Amino acid sequence: MTAADRIIVALDVSSGEEAIALLDRLPDVQFWKVGLELFVSTGPSILEELKQRQKRIFLDLKFHDIPNTMAGACRAAGGYGVDLLTVHGVAGRTALQRALEASRAGAESAGLSPPNLLAITLLTSLNSRDLAFDLKVPVELPEYTLQMALLAQESGIQGAVCSPQEAAQLRRVCGDEFLLVCPGVRPTWAEGGDQRRVMTPQEALQAGASYLVIGRPITGADDPQGAWKRINDELAG
Ligand SMILES: O=c1ccn([C@@H]2O[C@H](COP(=O)(O)O)[C@@H](O)[C@H]2O)c(=O)[nH]1
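In this text the structure is predicted, and so the values were computed from the model without any measurement.

Parameters and conventions
Residues numbered from 1 in each chain as written. Predicted model: local features only at pLDDT ≥ 70, side-chain atom pairs only at ≥ 80, totals over all residues. Heavy atoms only, no water. Axes fitted to C-alpha atoms, helices over the stretch in contact; angles between N-to-C directions. Helix = DSSP H or I, 4+ residues; strand = E, 2+ residues; numbered from the N terminus. Parallel < 35°, antiparallel > 145°, perpendicular 65-115°, else oblique. Left-handed = near helix turned anticlockwise from the far one by under 90°. Contact = heavy atoms within 4.5 Å. Nonpolar A, V, L, I, M, F, W, Y, C, P; charged D, E, K, R; others polar. Disulfide = S-S within 2.5 Å. Buried < 20%, exposed > 50% of the residue type's maximum accessible area, 1.4 Å probe, protein only. Near = heavy atom within 4 Å. Polar contact = N/O pair within 3.5 Å; in protein donor to acceptor, adjacent residues only side chain to side chain. 1 Å grid on protein atoms, 1.4 Å probe; cavity = no way out; pocket = protein on both sides within 12 Å on 5 of 7 lines; lining within 4 Å. Sits in = over half its atoms within 2 Å of the grid points. UniProt positions renumbered as here; feature names shortened; annotations may be inferred.

### Brief notes about the packing of helix 7 (residues 141-154) against helix 8 (residues 164-174)
And then number 1: The geometry of helix 7 relative to helix 8 is characterised by a closest axis approach of 10 Å and an angle of 40 degrees between their N-to-C directions. Comparing their axes, helix 8 and helix 7 come out oblique. For the pair helix 7 and helix 8, the sense of crossing is right-handed. Residues Leu141, Pro142, Thr145, Leu146, Ala149, Leu150 and Gln153 of helix 7 lie in contact with helix 8, whose contacting residues are Glu166, Gln169, Leu170, Val173 and Cys174.
And then number 2: When grouped by side-chain class, the residues that make up the contact of helix 7 with helix 8 number 8 nonpolar, 3 polar and 1 charged.

Here it is, written out as structure tokens:
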């Protein structure tokens, strides 16, 4: 797999028209992430558009609910034929297990391959201070994200979403087969925005990330294709 194959670009725009304009401007991107903003706007039609273009799809809807509701949502999402799908680890063991079973059942009913499920460990927009003082979680951040990843792994989930800052530890403990998908990736020349736990693309891959999720540094650039190429050139160099 080339470095370019390991970059998932976040299609965070508010309409199908804007999304299609970006797909047209970035023909080399093979793996796209559809998140809440776009999916709530377009519904599944954007997934069909991506499939027609033979793109890989990360459906990042971050389900977090009681087990029965998680299962229902994952059954429906399993029928979309996406490659990756997110749920929140804090939904708990039963919800994660039900989500996994349901996503497989949904895919099977549709005659499709099931998505790989990813558990969110701790959003990359949060830092240690947020965890301790606002969320009142009385464990250190690296320990918390590790426990979330282990809970996901014990529940049969195929991977986790984590910051690249935790990737090395999670890779060591969870092993080579466990997918680590890392947002919070910023080239040195890009603004951090609301991300709090960041690393550069090179650092993130060296730390053990399976995939990097990069949005605004590419899609918000004046020249998205130039930004995409610059990141790939930096990774190749
Ligand atoms: O912990 C998380 C989980 C998901 N995300 C998503 O990744 C992208 C990042 O976009 P940037 O523009 O590169 O910041 C975005 O769609 C988030 O919803 C995350 O950032 N952190």
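Having seen the structure, we can now continue with the description.
### Things to note about the state of the cysteines
And then number 1: All chains considered together, the criterion is met by 0 disulfides.
And then number 2: Unpaired in terms of disulfides, Cys162 finds its nearest cysteine sulfur in Cys182, a separation of 3.8 Å.
And then number 3: A relative accessible area of 0% means that Cys162 is categorised as buried.

### Concerning the site of the ligand
And then number 1: Near the ligand, the surroundings consist of 16 residues, among which Asp12, Thr124, Arg186, Gln195 and Arg216 are the closest.
And then number 2: At 3.4 Å from an oxygen atom of the ligand is found a side-chain nitrogen or oxygen belonging to Lys62.
And then number 3: One can see that the ligand is located within the largest pocket.
And then number 4: At the level of secondary structure, the elements contributing two or more residues to the shell around the ligand comprise strand 3 (56-63), strand 8 (211-214) and helix 10 (216-219).
And then number 5: In the shell around the ligand, the residues fall into 7 nonpolar, 3 polar and 6 charged.

### Side note on the UniProt feature "domain: Orotidine 5'-phosphate decarboxylase" (unreviewed entry) in the protein
And then number 1: Mapped onto this numbering, the UniProt entry gives "domain: Orotidine 5'-phosphate decarboxylase" (unreviewed entry) at residues 6-231.
And then number 2: Summarising residues 6-231: 47% helix, 17% strand, and an end-to-end C-alpha distance of 12 Å.

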